[in-house]
Amino acid sequence: MNIESTRDYCLTLPLVTEDFPFDERTLAFRVLGRIFACLDMERPEWITTKCDAERAIELRERHSEIEPAWHWNKKYWNQVNLTGQLSDDDIKALIRHSYHEVVKKLKKQERTDHPEITEVM
């Protein structure tokens, strides 16, 4: 995947918005105000995604394209090389997993008010 198709895919997920909360180069994708992925405009080959802590370790051991995310809590955040050997479907699955990890931490009322967010996976 490239940065444009990655951005396009993130924006297909329910209730996703994008902004530049940190600086003019870090594009964040949010669901109901919570970040689930980031793209660095100056390093377009990488996306940062949230991950279950145990799964993050397993993915890093299995795929050289997946590393602990720079400047993020390395227990929960990975950086994924978009230009490595991972297929587009694999990258999309990682993005959906990240989205799901954030959605499951939302307040119950937020999930109830927006049932479309729980259908992603």
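Whatever comes next refers back to the structure up there.
Residues numbered from 1 in each chain as written. Predicted model: local features only at pLDDT ≥ 70, side-chain atom pairs only at ≥ 80, totals over all residues. Heavy atoms only, no water.

A. Molecular detail of the sheet that holds strand 1 (residues 16-19). The strand order across the open sheet built from six strands is 1-2-3-4-6-5, with neighbouring strands paired in antiparallel fashion. A strand with exactly one partner marks an edge of an open sheet, and here the two such strands are strand 1 and strand 5 (66-68). Neighbouring strand axes in the sheet, compared pairwise and without regard to direction, differ in orientation by 25 degrees on average. Sheet analysis places strand 3 (residues 34-40) next to strand 4 (residues 43-50), joined by four bridges and oriented antiparallel. Bridging from a neighbouring strand, alanine 37 pairs with threonine 49 of strand 4. Against the sheet, helix 1 (residues 3-12) makes contact with strand 1, strand 2 (26-31), strand 3 and strand 4, and its axis sits at roughly 165 degrees relative to strand 3, the strand it touches most. (Pairing = 2+ DSSP bridges. Helix = DSSP H or I, 4+ residues; strand = E, 2+ residues; numbered from the N terminus. Axes fitted to C-alpha atoms, helices over the stretch in contact; angles between N-to-C directions. Contact = heavy atoms within 4.5 Å.)

B. Local environment of the nonpolar core. Counting 29 residues, the largest nonpolar core has Leu13, Phe29, Val31, Phe36, Ile47, Ile95 and Tyr99 as the members making the most contacts within it. Ranked by the residues each element gives to this core, the list is headed by helix 3 (residues 88-103), at six residues. Beyond its immediate chain neighbours, meaning those up to four positions away, isoleucine 47 contacts Thr6, Cys10, Ala37, Cys38, Leu39, Asn78, Gln79, Val80, Leu82 and Ile95. Counting five residues, the second-largest nonpolar core is a separate cluster that includes Ala28, Ile35, Cys38 and Trp77. (Core = buried A, V, L, I, M, F, W, Y, C linked by side-chain atoms within 4.5 Å. Buried < 20%, exposed > 50% of the residue type's maximum accessible area, 1.4 Å probe, protein only.)

C. Structural context of helix 1. Listed as buried for helix 1 are Ile3, Thr6, Tyr9 and Cys10. Burial along helix 1 is one-sided: seen end-on, the buried residues are contained in an arc of 125 degrees. Of the exposed residues in helix 1, the ones pointing more than 90 degrees away from its buried face are Glu4 and Thr12. Where helix 1 is buried, its residues contact strand 1, strand 2, strand 3, strand 4 and helix 3. The opening residue of helix 1, the one whose side-chain oxygen lies 3.0 Å from the backbone nitrogen of glutamate 4, is asparagine 2. (Arc of directions from axis to C-beta. Polar contact = N/O pair within 3.5 Å; in protein donor to acceptor, adjacent residues only side chain to side chain.)

D. Examining the state of the cysteines more closely. One pass over the full model with this rule turns up zero disulfides. Cysteine 10 forms no disulfide, and the closest cysteine sulfur to it belongs to cysteine 38, at a distance of 9.6 Å. Using a relative accessible area of 0% as the deciding quantity, one classes cysteine 10 as buried. A disulfide-free cysteine, cysteine 51 has its sulfur positioned 15 Å from the sulfur of cysteine 10, the nearest such atom. (Disulfide = S-S within 2.5 Å.)

E. Here's a closer look at the pairing of strand 2. Counting buried positions along strand 2 yields six of six residues, so the element is predominantly enclosed. Side-chain alternation along strand 2 places Thr26, Ala28 and Arg30 on one buried face and Leu27, Phe29 and Val31 on a second face that is also buried. For strand 1 and strand 2, the ladder comprises four bridges, and the chain directions are antiparallel. Looking across to strand 2, one finds that aspartate 19 is bridged to alanine 28.

F. Region of the structure containing helix 2 (residues 53-62). If you check which residues of helix 2 are buried, you get Ala53, Ala56 and Leu59. Taken down its axis, helix 2 places every buried residue within 120 degrees of arc, on the same side. Turned more than 90 degrees off the buried face of helix 2, the exposed positions are Glu54, Glu61 and Arg62. If you follow the buried residues of helix 2, they end up packed against strand 5, strand 6 (77-81) and helix 3. The N-cap residue of helix 2 is aspartate 52: its side-chain oxygen and the backbone nitrogen of glutamate 54 are 3.2 Å apart.

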